[in-house]
Amino acid sequence: MSHDQNEFIATVVERSNLGDYTQAREQFSWEEVKKHFTWYETGKVNMAYEAIDRHVDEGNGARTALLYSDAVREEAYSFLDLSEGSNRFGNVLRKYGISKGDRVFIFMPRSPELYLSLLGTLKVGAIVGPLFEAFMETAVKDRLLDSEAVALITVPQLLPRINRDELPQLKHIFVVGGGAQEQEGFIDYDAEMAAASDELELEWLSLEDGMILHYTSGSTGKPKGVYHVHNAMIQHYYTGKVVLDLREDDIYWCTADPGWVTGTSYGIFAPWLNGVTNVIRGGRFSPQDWYQTIVSNKVTVWYSAPTAFRMLMSAGDEVIKQFDLSTLRHVLSVGEPLNPEVVRWGTKAYNQRIHDTWWMTETGAQLICNYPGMVIKPGSMGKPLPGIEAAIINDQGEELPPYSMGNLAIKTPWPSMMRQVWNNQPKYDEYFRIPGWYVSGDSAYMDEDGYFWFQGRIDDVINSSGERIGPFEVESKLVEHPAVAEAGVIGKPDLVRGEIIKAFVSLREGYEPTQELKDDIYRFVKEGLSAHAAPREIEFKDKLPKTRSGKIMRRVLKAWELDLPAGDLSTIED
Ligand code: WTA
């Protein structure tokens with residue numbers, strides 16, 4: 001056990017939306033949460049209505065919904081502005097024949113237009129697929145092909161990464177901020193928006209209709225389209241209330257990009273379902289800019305990630321003194337293990353406990369969390385949300401006693417649980433192979449107080465700076481390089497990023513193992529797949545360890561790297 005179980009950080013909070021955890025758990029029912037929504041009475045469902053339009057209908061249209069800033073723009077939008085803007089985009093989509101169930105992808109850096117597009121897509125009942133802006137041609141193509149997307153919203157600088165010839169089903173490409181792209185077969189988003197009506201008859205859906213597709217990586221195969229339905233809003237709203245602890249006058253900042261699930265579930269849905277002001281910051285990370293974002297917007301609730309906190313910690317406490325961060329009242333983290341020393345540092349540097357939360361793309365919303373007012377054990381992910389049963393089980397599905405390491409599993413179902421892996425029933429079924437349980441792929445243990453402690457991934461999925469990377473996708477790109485015969489990819493522990501990507505590569509005949517070649521291979525992956533998936537370390541090997549059936553044994557590569565025993569080698573080739 002790597003953590004000191006006796007260490008904890010307690011605090012007194014005047015009030016929290018959850019109140020006493022044990023009591024909240026005992027009294028909890030999802031049925032009560034559902035009563036918050038207008039569809040509970042009307043039967044008419046649409047996430048975009050509940051998150052945006054409903055506030056207008058309830059007389060809160062003038063309230064600030066979005067405070068947007070990047071290097072060149074600084075804009076504020078009320079709920080009415082977002083309602084009308086997304087109505088416009090809904091009308092644009094309808095004009096081009098896009099309707100319920102169609103897949104519409106968004107591939108662009110953060111901007112107000114991204115949010116209007118996403119909401120407008122939901123308003124016509126289409127399924128939205130957000131793509132991280134760093135994806136290069138192959139990554140974009142794989143996702144658009146798999147989902148059979150019919151429309152894409154993007155910006156001029158990303159157009160070179162979209163190979164239309166290979167995407168026959170992609171009928172419409174809307175270009176934001178591009179001016180006269182019309183003649184090249186692109187649709188001018190800005191001209192269409194200006195001409196569209198700001199009134200729209202929303203597509204009313206049922207709770208089980210499709211809402212969003214987030215592509216995410218597993219250890220084998222191409223990325224999977226994790227499919228979520230409108231029903232997820234029940235849990236987005238509830239966790240926004242009791243985990244983010246959102247209240248009417250909060251100014252909330254989630255630092256995640258909407259290309260990842262945190263940037264939609266908690267960068268869009270949870271805050272707006274709760275009617276709070278949402279801060280969106282475009283552009284890159286720097287400690288000064290981030291602290292300035294808190295100061296300028298008077299941020300009260302801040303949701304970020306361990307890599308960011310580690311970088312802020314290493315930037316030093318002198319920087320913090322230049323900023324007045326006293327508006328903060330609640331700070332949270334997600335995406336990777338949150339180191340106990342970061343929690344300790346946060347209590348000193350910000351006078352805030354950093355609340356770790358655990359969940360996944362597949363779970364759609366937070367499941368295991370630290371709650372305001374609850375005792376925090378630094379290094380623990382916290383306790384299951386009211387309404388959620390979590391356990392450590394073995395491969396036979398037996399629940400294990402406290403302190404035993406095993407599969408972190410969740411009793412099925414819960415409101416925001418994924419409903420499909422797009423076009424891939426076998427992959428979906430793998431998660432539910434033990435009847436009654438969702439098996440997360442994480443290993444963990446539970447202590448005697450019911451706190452969960454993350455131990456690692458059971459598969460080979462890499463978590464670098466909180467971004468999930470499938471080794472297979474990187475390996476596939478590597479072997480496309482003319483010099484590469486075979487490649488195996490692992491996560492190598494890193495103090496700031498959690499893990500970095502390391503590739504072991506064997507070369508084809510006639511290639512010399514030089515530094516130049518390493519640089520070239522790195523660039524090849526970066527430009528073909530994405531920067532965050534490119535191997536920061538490359539090691540040449542004459543031969544890679546393989547099973548007799550020819551699968552690269554990443555476990556052996558990892559053992560080489562970490563100087564560990566390689567374990568059972570009975571299946572190795574020779
Ligand atoms: C990891 C992000 C430790 C975990 C919302 C999980 C964490 C994967 C934590 C999901 C945490 C997430 N502590 N590890 N608090 N939160 N993870 O799909 O391995 O991008 O399975 O979802 O990140 O990553 P994903």
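Just so it is clear, the model here is predicted, and its values are computed rather than measured.

Draft legend 1. Expanded view of the site of the ligand. Among the 18 residues in the neighbourhood of the ligand, the closest are listed as D356, T357, T361, D442 and R468. Take E336: an N or O atom from its main chain is 3.3 Å from a nitrogen atom of the ligand. D356 has a polar side-chain atom sitting 2.8 Å from a nitrogen atom of the ligand. Across the complex, the protein chains shield 96% of the 530 Å² of accessible surface that the ligand would expose by itself. Sorting the residues of the shell around the ligand by element identifies α10 (261-273), β14 (354-358) and β21 (452-457) as the ones contributing at least two each. Sort the elements by how many residues they give to the shell around the ligand and β14 lands first, with 3 residues. Of the residues belonging to the shell around the ligand, the class tally is 8 nonpolar, 5 polar and 5 charged.

Draft legend 2. Quick peek at the sheet that holds strand β20 (residues 437-446). Spatially, β17-β18-β20-β21 is the arrangement adopted by the 4 strands of the open sheet, whose pairing is antiparallel. Edge positions in the open sheet fall to β17 (390-393) and β21, since each of these has one partner strand only. Averaged over neighbouring strand pairs, the angle between their axes works out to 50° when direction is ignored. As defined by bridge partners, strand β18 (residues 406-411) adjoins β20 across 5 bridges and the pair is classed as antiparallel. Paired with I410 across the two strands is Y438, which belongs to β20.

Draft legend 3. Structural context of the pattern of salt bridges. Taken as a whole and assessed by the stated rule, the structure comprises 42 salt bridges. When the shortest N-O distance is used, the salt bridge between R419 and E208 registers 2.8 Å. Placement of the pair is R419 in the loop between β18 and β19 (420-421) and E208 in the loop between α8 (189-195) and β8 (210-216), with a sequence separation of 211 residues. Judged by relative accessible area, R419 falls into the partly exposed class, the value being 23%. Across the salt bridge formed by K502 and E561, the nearest N and O atoms sit 2.6 Å from each other. Of the two residues, K502 is situated in strand β25 (residues 498-507) and E561 in helix α18 (residues 554-562); the sequence distance between them amounts to 59 residues.

Draft legend 4. Fine view of the environment of V243. Within the secondary structure, V243 sits in the loop between α9 (233-242) and β10 (251-254). Through-space distance from the C-alpha of V243 to that of S16 is 9.3 Å; in sequence the pair is 227 residues apart. The contacts of V243, once residues within four sequence positions are left out, are Y238, H330, L332, T357, Q366, C369, N370, Y371, P372 and L385.

Quick notes on the rules
Residues numbered from 1 in each chain as written. Predicted model: local features only at pLDDT ≥ 70, side-chain atom pairs only at ≥ 80, totals over all residues. Heavy atoms only, no water. Near = heavy atom within 4 Å. Polar contact = N/O pair within 3.5 Å; in protein donor to acceptor, adjacent residues only side chain to side chain. Areas by Shrake-Rupley, 256 points an atom, 1.4 Å probe, with all protein chains shown as cover. Helix = DSSP H or I, 4+ residues; strand = E, 2+ residues; numbered from the N terminus. Nonpolar A, V, L, I, M, F, W, Y, C, P; charged D, E, K, R; others polar. Pairing = 2+ DSSP bridges. Axes fitted to C-alpha atoms, helices over the stretch in contact; angles between N-to-C directions. Salt bridge = Lys/Arg side-chain N within 4 Å of Asp/Glu carboxyl O. Buried < 20%, exposed > 50% of the residue type's maximum accessible area, 1.4 Å probe, protein only. Contact = heavy atoms within 4.5 Å.

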